[in-house]
Amino acid sequence: VGTLLLQRAGKGTIAVAGGGCSEATAFLARTAGLDATHTTAYTTFICGLASDGVFAKLDTLYVFNTQTAAASLLNLISSSFPMTNVGALGFTVDHGYAATTSTQFLTTTWAENAGGNHWIETSSSMGFWSRTATATNVPSWGDNGGNSRLFSRFAGDLAIYNADDLNFDATQAASTDGSGLFAGSRTGTTTQIYRNGATLGAAGTVSFSQAVSATTWQTGTNADTGTSMAMAFSGGFLTATDMSNLNSRYSAWNTTISGGNP
């Protein structure tokens, strides 16, 4: 059995027998019934993000397009904050969940003010992979209080994002295709939207911040009925390089597990 050396940003080199990493080992210990394909894909995905320095910046990371519904609800980052399927939202193996409704959605006990979070008021990120290209009138991922939320494609063909901002000084960018990895980052008072690992439109500015919210997060905030989810995340600020790496790593997962498109 070989040994893989992983260089983790700011954390030195770790060696794990068999070509894995401690982050993947910890996650896989919380799963059951996964076949070899999914086990290897998780190891590749998680260890890749760890070596990129992205894994250590996140508080939550959910991969819905996987082998079992039980695994799809787990937080890859830690044993804390698993998802709960409210209202028996439909799950399809290796593709994820259908569009949410007013009574069916995924929710987590994670909130921005949870102890030990990487998310702070002026340094944060969030995102999700949308399986659907269609427009929706309400945000697809965020806190149900509405102060940190992300739209992939609003009815006016706009991607919209805001983070800890009571005035809702939302950053907006043209978006005529609501599918793919949509993400937002905030550092200081600057916000930026990304799609598939690349910036989407110009950066925005927050004019009035608020303290981090105690409101728990969910997919389909305010009863979104238009976005089918395959992945979601939240945590500390991700750089443009981090966003590109996350997109590349998850796209590789999709190629292996979902044939290229969840």
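What counts as what
Residues numbered from 1 in each chain as written. Predicted model: local features only at pLDDT ≥ 70, side-chain atom pairs only at ≥ 80, totals over all residues. Heavy atoms only, no water. Phe/Tyr/Trp six-rings, centres within 6.5 Å; stacked < 30°, edge-to-face > 60°. Helix = DSSP H or I, 4+ residues; strand = E, 2+ residues; numbered from the N terminus. Buried < 20%, exposed > 50% of the residue type's maximum accessible area, 1.4 Å probe, protein only. Core = buried A, V, L, I, M, F, W, Y, C linked by side-chain atoms within 4.5 Å. Pairing = 2+ DSSP bridges.

### Section: the packing of aromatic side chains
Stage number 1. In this structure the tally under the stated criterion is 14 aromatic pairs.
Stage number 2. The interplanar angle of 50° and the centroid separation of 4.8 Å between the aromatic rings of Phe 27 and Tyr 42 together place this pair among those described as tilted. Here Phe 27 is found in helix α1 (residues 22-28), whereas its partner Tyr 42 is found in helix α2 (residues 36-52), with 15 residues between them in sequence.
Stage number 3. Its relative accessible area of 0% is what places Phe 27 among the buried residues.
Stage number 4. The exposure class assigned to Tyr 42 is buried, which follows from its relative accessible area of 0%.
Stage number 5. On the basis of an interplanar angle of 85° and a centroid distance of 6.5 Å, the ring pair of Tyr 62 and Trp 141 is categorised as edge-to-face. Of this pair, Tyr 62 sits in strand β3 (residues 58-63) while Trp 141 sits in strand β9 (residues 141-143), and the two are 79 residues apart along the sequence.

### Some points on the nonpolar core
Stage number 1. Formed by 33 residues in total, the largest nonpolar core has its most connected members in Phe 45, Ile 46, Leu 61 and Phe 233.
Stage number 2. Mapped onto this core, the elements with two or more residues apiece are α1, α2, β3, β13 (180-187), β18 (229-235) and α4 (240-258).
Stage number 3. Counting 25 residues, the second largest nonpolar core, distinct from the first, contains Met 83, Phe 182, Ile 193 and Trp 217.

### A word on the pairing of β3
Stage number 1. For β3, the tally of buried residues reaches six of six residues, placing the bulk of the element in the interior.
Stage number 2. Across five bridges, the pairing between β3 and β18 is antiparallel. Within the sheet, the bridge partner assigned to Tyr 62 lies in β18 and is Ala 232.

Read these as layout, nothing more, since geometry by itself doesn't imply function.
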